[in-house]
Amino acid sequence: MSKLAIFGGTPVREKPFRSSVVIDKHEHSLINQVMERKEFSRFMGSPSQDIDKLMIMPSVKAENYETQYFSFLGGRMVRKFEADFAKKFRVPYAITVNSATSGLSSALGAAGIGPGDEVITTAMSFNATALSILLFNSIPVFVDVDPANYCLDHRKVEKAITKKTKAVLVVHLLGNPAEMDAIIKIAKKHNLIVIEDCAQAPGTKYKGKYVGTIGDLGVFSFQETKNITTGEGGMVVTKNPLFAKGVRLIRNHGESIPDASWDAESLANIVGMNFRMTELTAALGVAQVAKLDENNRVRTENSLFLADSLKNIPGLSVPKYRSGIVPHVFPVIYDRKATGVERQKILLALRAEGIPVGSGYLKLMYENPIFLKKIAYGKDRCPWSCHLYNNKREYKSGDCPTAERLLKEKFIWFYHINRPNTLRDMKDVAKTFKKVFSQMESLKAAKIEGAIGYKW
Ligand SMILES: Cc1ncc(COP(=O)(O)O)c(C=O)c1O
């Protein structure tokens, strides 16, 4: 067995993995179209002809709507991207935004979630999931994850419900779908809105349905590491015309649209932002959404290969992928008790061999000072100190032990399952895991130090 690279041996791999951005002539030609038309936005956030119809117009119809020069629904490329996305995901409304973070906030705002309300969400996700809840001054309530899929544990949701609970924000983490049947059942029983954060799961299906289309609203991300990308960008999908209207108003300076006939309920949360997508970004989106299936096919093929290749390594458990799951990251669970070697040494040894692995998120969302100290807007603990909110809500390490254990002891994440990486690249990954895991004795004895968190 060759010497481990961390002890001076030859690394298995010297070539870096390739980035997840795959573009071709399609992107170039659509970008050129925008350049030639010289139409870079075309959004107008003020009342216009047909505004009542526009606010609730289904995306496929909006694509061909003859607009004035500027429009409440944006330019031609934005509307084409929305129509293509709506067709792909079989939903009436797909609404572009400039990130999933702004999409999640718009979705919560459109659903009427506001000051004094609680939103139940998972402890483990990218920070934007929890931060989006704060935007309309509502309070995140974190629930532990299910060790089977790393998503919100549906068995723990009901216990977290209080009189203030208005919504559940589910995250389909790493491409795994959350247990939606159980979550929808609880939501129906308690009259809660369900929002799906699908930033990491575009194309994943749960019992034959695309995630994002099962709850009340779904949100996707097109940030550069996602399954399809526009650099930055997001999409909100919904079947509900009132939610679509709310998202469109929040996206685009909507406060100037209502007239005196709107009552308090319909005016609530129409605090318009500028979350609009540009025409150049949407041009990338049109080309990228056409690549979603092939990108997802390769992610799935690469992940299944890794799961099969690593399944018999003592000390490792591999994901059990059901059909319909499109992996976003490939996670394995490390069992230190089985090997006697700290996870940190394994991560550093794998990296030294040329395989960039990470330990997942550096902390859970509630472990950030914004929650531990409850300081968000101003210094006086708003929104927790709002007179509309009278629950005693504290956040502290130890709140969600399963999620904490996964991040602090168990996870090893490999990211580069994306196109254009192929099975040939995955063979290097499998070979490296086998090499490192066959030399545990040398790792056990060695003193190795280094940071382990995030490594791309
Ligand atoms: C689960 C999840 N939610 C939300 C986001 C935020 O997406 P964006 O960067 O498009 O705002 C991300 C991005 O990494 C994410 O992974």
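Residues numbered from 1 in each chain as written. Predicted model: local features only at pLDDT ≥ 70, side-chain atom pairs only at ≥ 80, totals over all residues.

Our focus in this paragraph is the overall build of the protein. For the protein, the count of helices and strands is 18 helices and 13 strands. The globule rule puts the C-alpha radius of gyration for 456 residues at 23 Å, and the 23 Å found for the protein is close to it. Out of the 456 residues in the protein, the part that is buried amounts to 50%. Counting only contacts in the protein whose residues sit at least 6 apart along the sequence, the fraction spanning at least 24 positions is 73%. (Helix = DSSP H or I, 4+ residues; strand = E, 2+ residues; numbered from the N terminus. Rg over C-alpha atoms; globule rule 2.2 N^0.38 Å. Buried ≥ 20, exposed ≤ 12 C-beta atoms within 10 Å, placed from the backbone. Contact = placed C-beta atoms within 7 Å.)

Quick look at the domain arrangement of the protein now. As assigned here, the protein comprises domain 1 (5-15 + 292-363 + 401-445) and domain 2 (25-291). Between domain 1 and domain 2, the C-alpha centre-to-centre distance is 32 Å. Tallying the contact residues gives 17 residues for domain 1 and 22 residues for domain 2. At the level of secondary structure, the elements contributing two or more residues to the side of domain 1 that touches domain 2 comprise α12 (292-309) and α16 (401-410). If one sorts the elements of the side of domain 1 that touches domain 2 by residue count, α12 sits on top with five residues. Each residue belonging to the side of domain 1 that touches domain 2 can be placed in one class, and the counts come to ten nonpolar, five polar and two charged. (Domains from an automatic or database assignment. Nonpolar A, V, L, I, M, F, W, Y, C, P; charged D, E, K, R; others polar.)

Within the structure, the ligand sits among 14 residues, and Ser 99, Ala 100, Thr 101, Ala 199 and Ser 221 are positioned closest to it. Elements represented by at least two residues in the shell around the ligand include exactly α5 (100-110) and α6 (128-135). The residue inventory of the shell around the ligand, partitioned by class, reads five nonpolar, eight polar and one charged. (Near = placed C-beta within 6 Å.)

For the rest of this paragraph, the subject is the sheet that holds strand β4 (residues 165-171). Read from one edge to the other, the open sheet built from seven strands follows the order β1-β9-β8-β5-β4-β2-β3, with strand pairing classed as mixed. The two strands at the open ends of the sheet, each matched to only one other strand, are β1 (93-97) and β3 (139-143). Strand after strand, the sheet turns through a mean of 25° between neighbouring axes, direction not considered. As judged from the four bridges shared by strand β2 (residues 118-122) and β4, these two strands associate in the parallel manner. For Thr 121, the partnering residue across the bridge sits in β4 and is Leu 169. (Pairing = 2+ DSSP bridges. Axes fitted to C-alpha atoms, helices over the stretch in contact; angles between N-to-C directions.)

With seven of ten residues buried, helix α14 (residues 343-352) is to be regarded as a mostly interior element. All of the buried residues along α14 are Lys 345, Ile 346, Leu 347, Leu 348, Ala 349, Leu 350 and Ala 352. Where α14 is buried, its residues meet β11 (330-334), β12 (357-358), β13 (411-414), α17 (423-437) and α18 (440-445). Positive backbone phi, at 100°, marks Gly 354, one or two positions downstream of α14.

The next thing to look at is the sheet that holds strand β10 (residues 316-317). Spatially, four strands are ordered β10-β11-β13-β12 in an open sheet, and the strand pairing comes out antiparallel. The open sheet has two edge strands with one neighbour each: β10 and β12.

Glancing now at the packing of α5 against helix α9 (residues 241-251). Where α5 contacts α9, the axes come no closer than 8 Å and their chain directions differ by 125°. In terms of their interaxial angle, α5 and α9 are classed as oblique. The two elements α5 and α9 cross, and the hand of that crossing is right-handed. Contacts between α5 and α9 involve Ser 106, Ala 107, Gly 109 and Ala 110 from the first element and Phe 243, Gly 246, Val 247, Ile 250 and Arg 251 from the second. In terms of residue class, the contact of α5 with α9 is made up of five nonpolar, three polar and one charged. (Parallel < 35°, antiparallel > 145°, perpendicular 65-115°, else oblique. Left-handed = near helix turned anticlockwise from the far one by under 90°.)

In this fold, Arg 424 is placed in helix α17. Residue Arg 424 is classed as exposed on the basis of its C-beta count, with 7 C-beta atoms lying within 10 Å. In sequence terms Arg 424 and Ser 48 are 376 residues apart; their C-alpha atoms lie 55 Å from each other.

What follows deals with the environment of Ile 313. By the element assignment, Ile 313 lies in the loop between α12 and β10. What makes Ile 313 partly exposed here is the crowd of 18 C-beta atoms within 10 Å. Along the primary structure Ile 313 and Tyr 69 are separated by 244 residues, whereas in three dimensions their C-alpha atoms are 62 Å apart. Residues within four places of Ile 313 in sequence aside, it is in contact with Phe 433, Lys 434 and Phe 437.

What follows concerns the packing of α5 against α6. A pair of packed helices can be characterised by two numbers: the angle between their axes and the separation between those axes. As a packed pair, α5 and α6 sit with axes 8 Å apart at the nearest point and diverge in direction by 45°. Between α5 and α6, the angle is such that the two are oblique. The way α5 lies across α6 gives a crossing that is right-handed. Where α5 approaches α6, its residues Ala 100, Thr 101, Leu 104, Ser 105 and Leu 108 are matched on the opposing element by Ala 128, Thr 129, Leu 131, Ser 132, Ile 133 and Leu 135. Of the residues contributing to the contact of α5 with α6, the split by class is seven nonpolar, four polar and no charged.

The next thing to look at is the environment of Thr 278. Tracing the sequence through the fold places Thr 278 in the loop between α10 (264-267) and α11 (279-289). Among the residues examined, Thr 278 registers 23 C-beta atoms within 10 Å and is labelled buried. Expressed as a C-alpha distance, the spacing of Thr 278 and Leu 304, which sit 26 residues apart in the sequence, is 37 Å. If sequence neighbours within four positions are ignored, Thr 278 has contacts with Phe 40 and Ser 41.

Another point: the pairing of β11. When you tally the buried positions in β11, you get four out of five residues, the bulk of the element. As paired elements, β10 and β11 share two bridges and run antiparallel to each other. Across the sheet, Ser 317 pairs through a bridge with Ile 333, a residue of β11. In this structure, β11 lies alongside β13, joined through four bridges in antiparallel fashion. What sits directly across from Pro 331, in β13, is Trp 413.

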